Amino acid sequence: MQSKVVAALLEVVPKHALLWHDEDTTPFECDGLTAYRQRPMVVALPETYEQVQAILKSCHAMGVPVVARGAGTGLSGGAMPHATGVTLSLAKFNKILKLDAKSRTAVVQGGVRNLAISEAAAPLGLYYAPDPSSQIACTIGGNVAENSGGVHCLKYGLTVHNVLKVKGFTVEGEEVEFGSDALDASGYDLLSLIVGSEGMLAVTTEVTVKLIPKPQLARCIMASFDDIRKAGDAVAAVIAAGIIPAGLEMMDKPMTAAVEDYVHAGYDLTAEAILLCESDGTPEEVEEEIGRMTQVLTSCGASAIAISQSEAERLRFWSGRKNAFPASGRISPDYMCMDSTIPRKRLADILIAIAEMEKKYLLRCANVFHAGDGNLHPLILFDANDSDQLHRCELFGADILETSVAMGGSVTGEHGVGIEKLNSMCVQFNAVENEQMFGVKRAFDPQSLLNPGKVIPTLQRCAEYGKMLVRGGAISHPELERF
């Protein structure tokens, strides 16, 4: 099969654009979720839109699965290869095609790094707002696939709120365009459908993003709390006061210890939790908002408050939060970063629940949150070389996701479902809802060749998962009792 696929693709792309030997394809065997690996049969690295189209047409004719890949920074296994498929790398599509200061837009290829957009727009006094922690490496095409957010998504929105148009190809190689250069497009809102579709509906090659003016000033409050519940209540209180901070992040004590040892951000190591609350705008707006947030945080029981007095200090406050993942990698052989959402008022409840899970699964967990919109990122620390630890880590993660759903939340906030959360999707959605999602998939990809086996669980998978939990006495959600 491999030789047939290689021969067919060599007719549409040059030899240097194909990899098929094990030593060449191994670097593509996983994305940021390194616990699960699979070498692809073939890796294609096209250089033109015509080559992307030709690859898709050829694979479709042969019935060969295709998995699109950007920088491989995803954390849910969304870009994990198919064993008998082609991994389609968009790495060479890294050009910023147009910057328009008047319309405040940028047209970029799918392989452009997130941070590169802001760097290019900086001379115009503009920037691209979504800023995931991996922004130095992650690509805009991957951001579109996962509907990525970042620390400033509370005020400025996720990828879906900052994209005007997406161009690409269907699995059959048909050119498609979602959205428009205007603020709205006629017909169904397919732009919102393609953003967050995790590479299952189309391959993104070009994106038109919104740019916004850089604020005149930004300052950050670092508030310490001696109690997790006080910190969680403070998050809800800030929003309830009618304040929408530019960023509102939370870290628990284990996480602050890890990042402080790594970047020396000046965090309070005695605090059970710290909040980072940022205000941006004109100097007058920032002064007024900082004052209001300080009052709210103090009234909620903050044990210490520090306010950045310079841009360097503000960046230092944020350096710890931005380096939470690499800091965790320094204290554990491996970690699995979960991604779920809960109502803001339940922040303390989920942290207390996770602390109990640490005892249950005998694994450590450090927590960092996009607290303003209730998006959790618990990092479960384990050693992947120990199969028992990996198994307990998987159970720990599933428990966090299912508890989040039980508290009124969702199994994913911005990292996507991929393969990591397939079982947990059985908890959040019933068979009818999953079939509706499959209906959308079939409308774009009737043969299920584009990133197959991810995001939407089959009825059989959900049944097997439910039976497994019943046998183990671990049913934790009413939706699974039907099995």
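Residues numbered from 1 in each chain as written. Predicted model: local features only at pLDDT ≥ 70, side-chain atom pairs only at ≥ 80, totals over all residues. Heavy atoms only, no water.

Give me the lowdown on the nonpolar core, citing residues and values where you can.
F225, M250, L275, L297, F369, I380 and F396 are the most contacted members of the largest nonpolar core, which has 59 residues in total. Per-element tally for this core: the top contributor is helix α13 (residues 347–361), with 8 residues. Residues W20, L56, C59 and V171 belong to the second largest nonpolar core, which totals 27 residues. (Core = buried A, V, L, I, M, F, W, Y, C linked by side-chain atoms within 4.5 Å. Buried < 20%, exposed > 50% of the residue type's maximum accessible area, 1.4 Å probe, protein only. Helix = DSSP H or I, 4+ residues; strand = E, 2+ residues; numbered from the N terminus.)

Explain a nonpolar patch on the surface residue by residue, including any values.
A grouping of Y188, L190, L193 and V440 is seen on the molecular surface, where their side chains present a nonpolar patch of about 400 Å² in accessible area. On the basis of relative accessibility, which here comes to 36%, the residue L190 falls in the partly exposed class. (Patch = residues over 30% accessible without salt bridge, like charges linked within 9 Å, V, L, I, M, F, W, Y side chains within 5 Å. Areas by Shrake-Rupley, 256 points an atom, 1.4 Å probe, with all protein chains shown as cover. Salt bridge = Lys/Arg side-chain N within 4 Å of Asp/Glu carboxyl O.)

Tell me what's going on with the sheet that holds strand β8 (residues 163–169), and back it up with residues and numbers.
Taken in spatial order, the 5 strands of this open sheet run β5-β6-β10-β8-β9, and their pairing is antiparallel. Each of the sheet's edge strands pairs with one partner strand only, and the pair in question is β5 (96–100) and β9 (175–179). Each strand of the sheet is rotated relative to its neighbour by a mean of 10°, with strand direction disregarded. For β8 and β9, the ladder comprises 5 bridges, and the chain directions are antiparallel. Pairing of K167 across the sheet is with E177, part of β9. (Pairing = 2+ DSSP bridges. Axes fitted to C-alpha atoms, helices over the stretch in contact; angles between N-to-C directions.)

Explain the sheet that holds strand β3 (residues 66–69) to me, using residue names and the numbers behind them.
Judged by pairing direction, the sheet is mixed, and its 4 strands sit side by side in the order β1-β2-β4-β3 without closing on themselves. Lying at the two open borders of the sheet, with one neighbouring strand each, are β1 (18–19) and β3. Inspection of the sheet shows β1 paired to strand β2 (residues 42–44) by 2 bridges, in the antiparallel sense. Residue pairing across strands places L18 opposite A44, the latter belonging to β2. Along the sheet face, helix α1 (residues 2–9) touches β1, β2 and β4 (86–89) and points at about 15° away from the line of β2. (Contact = heavy atoms within 4.5 Å.)

Can you lay out the state of the cysteines for me, pointing to particular residues and giving the numbers?
What the rule picks out here adds up to 1 disulfide. Shown here is the disulfide that connects C426 with C462, its sulfur atoms set 2.1 Å apart. In this structure the cystine formed by C426 and C462 twists about its S-S bond by roughly -85°; its chirality is therefore left-handed. A residue pair is termed long-range when its members are at least 10 positions apart, and C426 in helix α15 (residues 422–428) and C462 in helix α17 (residues 459–471) qualify at 36 residues. C462 carries the same exposure label as C426, and that label is buried. (Disulfide = S-S within 2.5 Å.)

Break down the environment of S186 for me, citing the residues and quoting the values.
Checked against the element boundaries, S186 lands in the loop between β9 and α7 (190–194). Residue class for S186 comes out exposed when judged on its relative accessible area of 73%. Through-space distance from the C-alpha of S186 to that of E285 is 37 Å; in sequence the pair is 99 residues apart.

So what's going on with the packing of helix α8 (residues 228–240) against helix α10 (residues 283–299)? Which residues, and what values?
The contact between α8 and α10 brings their axes to 9 Å, and the two run at 140°. Handedness of the crossing formed by α8 with α10: right-handed. Residues A234, A237 and V238 of α8 touch α10, and the partners they reach there are M293, V296 and L297. Classifying every residue of the contact of α8 with α10 gives 6 nonpolar, no polar and no charged. (Left-handed = near helix turned anticlockwise from the far one by under 90°. Nonpolar A, V, L, I, M, F, W, Y, C, P; charged D, E, K, R; others polar.)

Hey, could you go over the side chain of N375 for me, with residue numbers and the actual values?
Here N375 lies in strand β19 (residues 375–382). Judged by its relative accessible area of 4%, N375 falls in the buried class. A distance of 3.0 Å separates the side chain of N375 from the backbone oxygen of S340, its partner in a polar contact. Contacts of N375, omitting those with residues within four sequence positions, involve D339, S340, T341, F369, H370, G413 and E414. (Polar contact = N/O pair within 3.5 Å; in protein donor to acceptor, adjacent residues only side chain to side chain.)

So what about the confidence of the model for the chain? Which residues, and what values?
Chain-level pLDDT for the chain is 94 on average; 97% of the residues reach the 70-or-more range. The low-confidence segment residues 477–483, where pLDDT is below 50, has 22 contacts with residues more than four positions distant or belonging to other chains. (pLDDT = per-residue confidence, 0-100.)

Quick one: what's the story with the side chain of N162, residue by residue and with numbers?
Inspection of the secondary structure assignment puts N162 in the loop between α6 (153–156) and β8. Under the relative-accessibility criterion, N162 is labelled buried at 4%. Setting aside chain neighbours within four positions, we find N162 in contact with Y128, A129, P130, Y156, G157, V209 and K210.

Account for helix α4 (residues 114–121), with residues named and values stated.
Three or more residues of α4 are buried, namely N114, A116, I117, S118 and A121. The secondary structure elements touched by the buried residues of α4 are β5, β6 (105–109), β7 (126–127), α5 (140–146) and β10 (203–210).

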